[in-house]
Amino acid sequence: KSDTAGTHCFASDDCFIIALIAAVLVFFLIGNTISLWLTDWQTHFSYQVATDLARRQHLKYFRNGLQYFKRTNSADIINNIKIIPGFFASGILIRGMYMISELMVMAIVVVSLLVYDIRLVVMLVLVLAPSSILLYLVTKNKLYRLGTKGKEVNDATLRSLTQSIRGFVDVKISNKDRYF
């Protein structure tokens with residue numbers, strides 16, 4: 001008897017659409033979990049590239065020697081070591097990778113749904129919009145705290161970099177290169 005009920009449910013368009021919406025919702029949750037992991041990987045990768053660029057720039061400037069530091073504005077050095085690699089990571093790498101992946105996913109989902117049934121697209125919007133708004137409301141404070149922590153880390157890094165550049169002459173004079 002349960003087989004008949006299951007067959008009967010999929011014989012009805014309304015029942016089939018509800019079952020399909022439930023399946024899409026599960027797919028949406030799994031997709032968002034994968035998307036979260038991918039975003040984390042993209043962010044880590046981008047900032048690792050920025051860190052590597054900053055480290056290389058830092059070493060390059062220190063290899064230029066004392067005379068270079070005397071004739072070069074420290075703000076320019078700091079900008080080239082800290083600001084430009086960070087901008088490259090956040091402004092170009094992260095946004096570019098995110099945009100490409102989101103466009104691909106969105107195109108696949110929209111085309112698939114439109115091919116099947118436009119009513120399904122309307123129903124999905126009605127179901128997913130409230131959950132998306134709720135997700136935003138729940139996570140916005142955490143994102144704000146993470147942004148504040150990121151700013152604190154950024155300020156500490158900038159302080160350390162400024163001290164290392166300003167202290168370069170003292171390190172060279174006291175011959176403490178290896179120590180620092």
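Quick caveat, the model's predicted, so the values are computed rather than measured. (Residues numbered from 1 in each chain as written. Predicted model: local features only at pLDDT ≥ 70, side-chain atom pairs only at ≥ 80, totals over all residues. Heavy atoms only, no water.)

### Quick notes on the packing of aromatic side chains
Counted only if it meets this: Paired rings are identified among Phe, Tyr and Trp, the last through its six-membered ring, by centres lying within 6.5 Å, and are further divided according to the angle between planes into stacked (under 30 degrees), edge-to-face (over 60) and tilted (the rest). Each helix corresponds to a stretch of at least 4 residues labelled H or I by DSSP, and each strand to a stretch of at least 2 residues labelled E; elements are numbered beginning at the N terminus. Buried, partly exposed and exposed residues are distinguished by accessible area as a fraction of the type maximum, computed with a 1.4 Å probe on protein chains only: under 20%, between the cut-offs, and over 50%, respectively. By definition here, charges over rings are those cases where NZ of Lys or CZ of Arg is within 6 Å of the ring centre and within 35 degrees of the ring normal.
Under the counting rule described, the total for this entry stands at three aromatic pairs. Centre to centre, the rings of W41 and F45 are 5.4 Å apart; their planes meet at 10 degrees, and the pair counts as stacked. Of this pair, W41 and F45 both sit in helix α2 (residues 13-63), four residues apart, which is roughly one turn of the helix. On the basis of relative accessible area, F45 is assigned to the partly exposed category, the value being 38%. Measuring from centroid to centroid gives 5.6 Å for Y61 and Y68, while their planes differ by 25 degrees, and the two rings are stacked. As far as burial versus exposure is concerned, Y61 and Y68 are alike and both buried. The cationic tip of K60 hangs over the ring face of Y61; the distance from NZ or CZ to the ring centre is 5.3 Å.

### A short note on α2
The following threshold applies: Take the number of residues in a helix, subtract one, and multiply by 1.5 Å to get its expected span.
Between its first and last C-alpha, α2 extends 72 Å over 51 residues, near the 75 Å set by a 1.5 Å rise per residue. Of all the residues in α2, the buried ones are I17, I21, Q42, S46, A50, A54, Q57 and Y61. Immediately beyond the C-terminal end of α2, within one or two residues, lies G65, with a positive phi of roughly 95 degrees.

### As for the side chain of Q42
For clarity, the threshold we go by: By definition in these notes, contact holds between two residues if any of their heavy atoms fall within 4.5 Å.
Assignment of secondary structure puts Q42 in helix α2. Ignoring anything within four residues of it in the chain, the contact list for Q42 reads I94, M97, Y98 and S101.

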